[in-house]
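Residues per chain, in single letters:
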Amino acid sequence: MTSASPVPLSVLDLAPVSAGSTSAQALRTTIELARRAETLGYTRFWLAEHHNMPGIASSAPAVLVGQVAAATSTMRVGSGGVMLPNHPPLVIAEQFGMLAALHPDRIDLGIGRAPGTDAHTAHALRRSTAPLSADDFPQQLGELMGYFEQDPDEAVEPGGMPLAVPAAGNQPPLWLLGSSDYSATLAGMLGLPFAFAHHFSAANTLPAAAIYRANFRPSPVLDRPYLMIAASVVVADDDETARWHAGPMGLSFLRLRQGRPGLLPSPEEAADYPYTAFERKAVADRQASQIVGGPATVLAGVTKLVAATKADELMVTTMVHDPLVRFRSYELLATLWSPESGTRTQATTAAVTPART
């Protein structure tokens, strides 16, 4: 089967905790997946931030990014993303400056503006009763960027901006993440690479892509727009098997929507669940944006998505119950997307890093 597209292929991982497993096992599985993804030629491996969700163990991206980077050697590793409203910009700058210092030219800092959790948990994270406001995001982002731009040799003025050690001099590439036109507009105006969450906001994918490109202004980072699309993909040997293993994603989404998130259920549990007609429709609407099937079905799906969005990079997330099925899905996708991906060199990976493309 021929290569579908020359655009790079990457991984978004949430460290899913399956029913019958533990968060510790989920984290170890994520690290093993990263090792395999690097061997398969995936360009980057990002970790998401979620809180108060029993089925997701990636609550501290900076910690997990460090572990994955230490377990790999060539693949880029980053956050997809750190939710800026949850953390003081100084803390994020120190954490990712340290990661960039320890792993030069391999760390990405993806930033989102949503809390990634419920209001009660957001309050526990922020230790504040002030409401989360989108209007604060540009100011917080500017503060974060300012820490990386500091000169470590200059004296710190009393009462001025504290020196973020070791952020100064160790700035990783900064990405904006989004699922609407807000971050698309801001990323374009700042001349930053933009990652769009097609996997949970498919209706906004094409409008956001157009808005990002329309608002793009060249910057010291990029001469032209760089758009990455994150999609939910499950590949198996045939369509029926893939749909069976993808079943838990629908039930997990339904429970989250009902305010009772839990561990990622098994395919058997998802198949046996007594869905109402309304629930079946909600799950079907969610599944409409997922790319699930055997090799031919998935190849057609990812090719269509990349062509429609004109994406510069495709990032894939695969949420299935069995880690071995998850590993196999990424292996099949890498083979579909580029038969030579398993032997891709470090130089090739570096060439697709969005820096003045």
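Relevant structure appears above.
On a predicted model such as this, the values are computed, not experimentally measured, just so you know.

## Digging into the environment of leucine 174
So, point 1. Assignment of secondary structure puts leucine 174 in strand 5 (residues 174-178).
So, point 2. Remark: the alpha-carbon pair of leucine 174 and isoleucine 111, spanning 63 residues in sequence, is separated by 7.4 Å.

## Side note on the layout of surface pockets
So, point 1. Put simply, the largest pocket is a space of about 1,200 Å³.
So, point 2. Along its surface, the largest pocket is lined by 46 residues, and Leu14, His50, His199, Phe200 and Arg286 are the ones closest to its centre.
So, point 3. Elements supplying a minimum of two residues to the lining of the largest pocket: strand 3 (76-83), strand 5, helix 6 (181-190), strand 6 (194-197), strand 7 (227-235), helix 8 (239-257) and strand 9 (313-317).
So, point 4. With 4 residues, helix 8 is the single largest residue contributor to the lining of the largest pocket.
So, point 5. For the lining of the largest pocket, a count of residues per class yields 23 nonpolar, 19 polar and 4 charged.

## Thoughts on the packing of aromatic side chains
So, point 1. Per the stated rule, a full pass over the model turns up 8 aromatic pairs.
So, point 2. Seen in terms of ring centroids, tyrosine 42 and tyrosine 330 are 5.8 Å apart; in terms of plane orientation they differ by 80°. Their pairing is edge-to-face. With tyrosine 42 in the loop between helix 1 (23-40) and strand 2 (44-47) and tyrosine 330 in helix 12 (residues 323-337), this pair connects stretches of sequence that are 288 residues apart.
So, point 3. Given the relative accessible area of 2%, tyrosine 42 is considered buried.
So, point 4. Cluster of aromatic residues (ring-pair linked, three or more members): Phe194, Phe196, Tyr212 and Phe216.
So, point 5. It is arginine 113 that lies over the ring of tyrosine 182; its NZ or CZ is 4.0 Å from the centre.

The rules behind these values
- Residues numbered from 1 in each chain as written.
- Predicted model: local features only at pLDDT ≥ 70, side-chain atom pairs only at ≥ 80, totals over all residues.
- Heavy atoms only, no water.
- Helix = DSSP H or I, 4+ residues; strand = E, 2+ residues; numbered from the N terminus.
- 1 Å grid on protein atoms, 1.4 Å probe; cavity = no way out; pocket = protein on both sides within 12 Å on 5 of 7 lines; lining within 4 Å.
- Points joined across faces, edges and corners; volume = space filled by probe spheres on them.
- Nonpolar A, V, L, I, M, F, W, Y, C, P; charged D, E, K, R; others polar.
- Phe/Tyr/Trp six-rings, centres within 6.5 Å; stacked < 30°, edge-to-face > 60°.
- Buried < 20%, exposed > 50% of the residue type's maximum accessible area, 1.4 Å probe, protein only.
- Lys NZ or Arg CZ within 6 Å of the ring centre and 35° of its normal.

Nothing here speaks to function; it is all geometry.
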